[in-house]
Amino acid sequence: FVFPIDLVELSKQHVGFLQTLHQLGVTIQRPSPKSLQRYRDFWLPLVHANPSEVLIPPTDCAWLWHCHRLAPFRYSSYLKREFGNDCLILEANPAFSFQCDNGDVYGTIMQKTEDDMKAVAERTRSLWNQQYPEESFHLQMNE
């Protein structure tokens, strides 16, 4: 049996994702109520509303989304409860990616350049700002 994906490469990306979020301090403390609210009320609805878009989350939402998907039954149940029984599983694509408030983008999309990743990040911020003009894309330090 041959896997259709490169598990070794994805494992390396996963470790890098976790290490980078930890270095940024995202994984060190318990998520703030504001981060939880942003993930629940803004990020997941944005992903659900744009199923054909490649989206790269802000750091706080990336971490919460990653953790949520580690419990697949609960994640699936939550999505069905919030978005209806016909809701598809909202996958992170690219799997281990996020964007920082300094403009850095972490992650890769197969056959995409760094400029492509930055364009995807910009498109994600644009969709967020259209949908939630009063809510900053990046979590503010005091939140």
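Residues numbered from 1 in each chain as written. Predicted model: local features only at pLDDT ≥ 70, side-chain atom pairs only at ≥ 80, totals over all residues. Heavy atoms only, no water.

Draft legend 1. Structural detail: unusual backbone geometry. The amide bond that connects N93 to the next residue, P94, takes the cis arrangement and shows omega of 15°. Among the structural elements, P94 can be located in the loop between α4 (72–83) and β1 (98–99). (Helix = DSSP H or I, 4+ residues; strand = E, 2+ residues; numbered from the N terminus.)

Draft legend 2. Here's a closer look at the packing of aromatic side chains. Evaluated as defined, the whole model comprises eight aromatic pairs. Measuring from ring centre to ring centre gives 5.3 Å for W128 and Y132, while their planes differ by 75°; the resulting arrangement is edge-to-face. When sorted by exposure, W128 lands in the same class as Y132, which is buried. Grouped by ring-pair contacts, the aromatic residues F17, F96, F98 and Y106 constitute a single cluster. The side chain of R69 reaches across the aromatic face of W65, ending 4.9 Å from its centre. (Phe/Tyr/Trp six-rings, centres within 6.5 Å; stacked < 30°, edge-to-face > 60°. Buried < 20%, exposed > 50% of the residue type's maximum accessible area, 1.4 Å probe, protein only. Lys NZ or Arg CZ within 6 Å of the ring centre and 35° of its normal.)

Draft legend 3. Structural view of the nonpolar core. Grouped together as the largest cluster of nonpolar side chains are 20 residues, with contacts concentrated most on Y39, W43, L44, W65 and L90. Contributing elements (two or more residues each) for this core: α2 (33–49), α3 (59–69), α4 and α5 (114–131). Counting residues per element, this core draws most heavily on α2, at six residues. With near-sequence residues (within four places) excluded, W65 lies in contact with Y39, W43, L44, V47, P57, Y75, L90, E91 and A92. Core analysis: the second largest hydrophobic core is formed by eight residues, F17, V26, F96 and C100 among them. (Core = buried A, V, L, I, M, F, W, Y, C linked by side-chain atoms within 4.5 Å. Contact = heavy atoms within 4.5 Å.)

Draft legend 4. Spatial organisation of the environment of V120. In this fold, V120 is placed in helix α5. Assessed through its relative accessible area of 15%, V120 is described here as buried. Put simply, V120 and L55 are 65 residues apart on the chain and 6.5 Å apart in space, counted from C-alpha to C-alpha.

Functional significance is not addressed by these values, which are geometric in nature.
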